[in-house]
Amino acid sequence: MTLLLMAAGSGSRYGKLKQFDELGPKGEFLMEFAIYDAIKNGFGQIVVITKAENVSFLKDHLSQRLPQDVRLDVLAQELTDIPEGASFSGERKKPWGTAHAVWTARNVISGPFTVLNADDFYGQAAYQKAAEFMRGNQTDYALLGYTLKDTLSEHGSVSRGVCEVDGDNLIEVQERLKIVQQGDVLMDEDSGLTFTGHEQASMNFWVCRPSIFHKIEDALRIFLKNNNLVANSELYLPFMIQEMLQANEAVVKCIPSGGEWFGVTYASDKEKALENLKRKTDQGQYPSPLWA
């Protein structure tokens, strides 16, 4: 089983590269807790997608800490990495998006894998459930969901994918761009829709199969032929999975994570993250330092 961490973002709202902010009690990065939880639940490979200028630093940092029997791949998401026969000749600073970040790992992943953000904390229970799912299900995809009301920030609106489910089957993830707390309800200020807060939300913790690489490659070929998309747009992993759902190319289960999520969307979220990680360490959920 493989853990794929997406760590190529720029942290525009946070103010710096939050992937490398020292949030743990002994200066650990947030992604190190994800790696620790994954290894604890039987993951044998860690893949990190980052910017080219960070590859060497991150590979050195993690290789000194991870157990020797865990495979580590640190890969750069680069604009030049496109399907054979496709072309790109314009100017662009942003990467091609999260789907392309996943596609970057196509040559190092051969089995089931989880995809998640390197700058989010997902809770130990989520990795256990993901591992159990991959061991017991050989074909389906999955989304580890979180209770919507538990994913808000005290410091501003948040963008969340709200899940529509039928039993344990995911039907659709609707992106809501400005969700805020208003009394006893949550409101998306962009659409005016309200929510109870008990809905399942996607925090981008996916269980994928290698078949996703072919889907993304086909989408990239189409994407790169459209000059308007190439200039400003991105290919998002949830949209790829949604297209597979609609085309009956995949079954996606929605699994309540049963754990606590927190992130560092805003710089002011840092203090809470520091407190949470210290509390969990003091409670014995994590050793300190994290890596012996």
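Residues numbered from 1 in each chain as written. Predicted model: local features only at pLDDT ≥ 70, side-chain atom pairs only at ≥ 80, totals over all residues. Heavy atoms only, no water.

**Notes on the pairing of strand S2 (residues 45-50)**
- Taken across its six residues, S2 has six buried, putting it largely inside the fold.
- What you see with S2 is no split at all: Gln45, Val47 and Ile49 on one side and Ile46, Val48 and Thr50 on the other are buried throughout.
- Across six bridges, strand S1 (residues 2-7) lies against S2 in parallel orientation. Note that in S2 the partner of Ala7 across the bridge is Thr50.
- Pairing geometry for S2 and strand S3 (residues 71-76), over six bridges, is parallel. Looking across to S3, one finds that Val47 is bridged to Asp73.
- Taken together, S2, helix H2 (residues 55-63) and S3 constitute a β-α-β crossover, and its handedness is right-handed. (Buried < 20%, exposed > 50% of the residue type's maximum accessible area, 1.4 Å probe, protein only. Helix = DSSP H or I, 4+ residues; strand = E, 2+ residues; numbered from the N terminus. Pairing = 2+ DSSP bridges. Right-handed = clockwise from strand over helix to strand, strands pointing away.)

**Considering the packing of helix H5 (residues 211-223) against helix H7 (residues 237-246)**
- Axis separation between H5 and H7 bottoms out at 10 Å; the angle between their running directions is 105 degrees. Taken as axis vectors, H5 and H7 run roughly perpendicular relative to one another. Side by side, H5 and H7 meet where Ser211, Ile212, Lys215, Ile216 and Ala219 of the first sit next to Leu237, Met240, Ile241, Glu243 and Met244 of the second.
- For the contact of H5 with H7, a count of residues per class yields seven nonpolar, one polar and two charged. (Axes fitted to C-alpha atoms, helices over the stretch in contact; angles between N-to-C directions. Parallel < 35°, antiparallel > 145°, perpendicular 65-115°, else oblique. Contact = heavy atoms within 4.5 Å. Nonpolar A, V, L, I, M, F, W, Y, C, P; charged D, E, K, R; others polar.)

**What about the side chain of Gln45?**
- In this structure, Gln45 sits in strand S2.
- A polar side-chain atom of Gln45 sits 2.9 Å from the main-chain carbonyl oxygen of Val108.
- Beyond its immediate chain neighbours, meaning those up to four positions away, Gln45 contacts Met1, Thr2, Leu3, Val70, Arg71, Asp73, Val108 and Ile109. (Polar contact = N/O pair within 3.5 Å; in protein donor to acceptor, adjacent residues only side chain to side chain.)

**Structural notes on the pairing of strand S4 (residues 113-117)**
- The buried fraction of S4 is high, at five of five residues.
- Neither face of S4 is open: one carries Phe113, Val115 and Asn117, the other Thr114 and Leu116, and all of them are buried.
- Note: S4 against strand S11 (residues 200-208), three bridges, orientation antiparallel. Bridged to Thr114 within S11 is Val207.

**Here's the deal with the side chain of Gln77**
- Within the element layout of this structure, Gln77 appears in the loop between S3 and helix H3 (98-103).
- According to the relative accessible area criterion, Gln77 is buried, its value standing at 11%.
- At a separation of 3.0 Å, a polar atom in the side chain of Gln77 contacts the main-chain carbonyl oxygen of Gly97.
- Looking at Gln77, its side chain comes within polar contact range of the side chain of His100, at 3.2 Å.
- If sequence neighbours within four positions are ignored, Gln77 has contacts with Ala8, Ile49, Thr50, Pro95, Trp96, Gly97, His100, Ala101 and Thr104.

**Describing the nonpolar core**
- One finds Leu3, Leu5, Tyr122 and Phe205 to be the most contacted residues of the largest nonpolar core, which totals 55 residues.
- Residue contributions to this core peak at seven residues, all from helix H1 (residues 30-40).
- Dropping the residues within four chain positions of it, Leu3 is found in contact with Ala34, Ile35, Ala38, Phe43, Gln45, Ile46, Val47, Thr114, Leu116 and Tyr127.
- Counting residues in each nonpolar core, the second largest holds 40 residues, with Ile82, Cys208, Ala219 and Val230 among its members. (Core = buried A, V, L, I, M, F, W, Y, C linked by side-chain atoms within 4.5 Å.)

**Considering the pattern of salt bridges**
- A complete count under the given rule lists 14 salt bridges for this structure.
- Between Asp21 and Lys270 there is a salt bridge whose closest N-O contact spans 3.3 Å. Of the two residues, Asp21 is situated in the loop between S1 and H1 and Lys270 in helix H8 (residues 270-282); the sequence distance between them amounts to 249 residues.
- For Asp168, the salt bridge is made with Lys253, and the minimal N-O distance between the two is 3.6 Å. (Salt bridge = Lys/Arg side-chain N within 4 Å of Asp/Glu carboxyl O.)

**Focus on unusual backbone geometry**
- The linkage connecting Ser288 with the following residue, Pro289, adopts the cis geometry, with an omega of 5 degrees.
- Positive phi values are uncommon outside glycine, yet Asn248 reaches one of about 55 degrees.
- Checked against the element boundaries, Asn248 lands in the loop between H7 and strand S12 (252-256).

**Details of the layout of surface pockets**
- Considered as a void within the structure, the second largest pocket measures approximately 310 Å³ in volume.
- As for the second largest pocket, its lining consists of 19 residues, of which Leu152, Ser153, Glu154, Phe262 and Lys272 are closest to the centre.
- Tallying contributions element by element places H8 first for the lining of the second largest pocket, with three residues.
- Taken together, the residues of the lining of the second largest pocket break down into five nonpolar, seven polar and seven charged. (1 Å grid on protein atoms, 1.4 Å probe; cavity = no way out; pocket = protein on both sides within 12 Å on 5 of 7 lines; lining within 4 Å. Points joined across faces, edges and corners; volume = space filled by probe spheres on them.)

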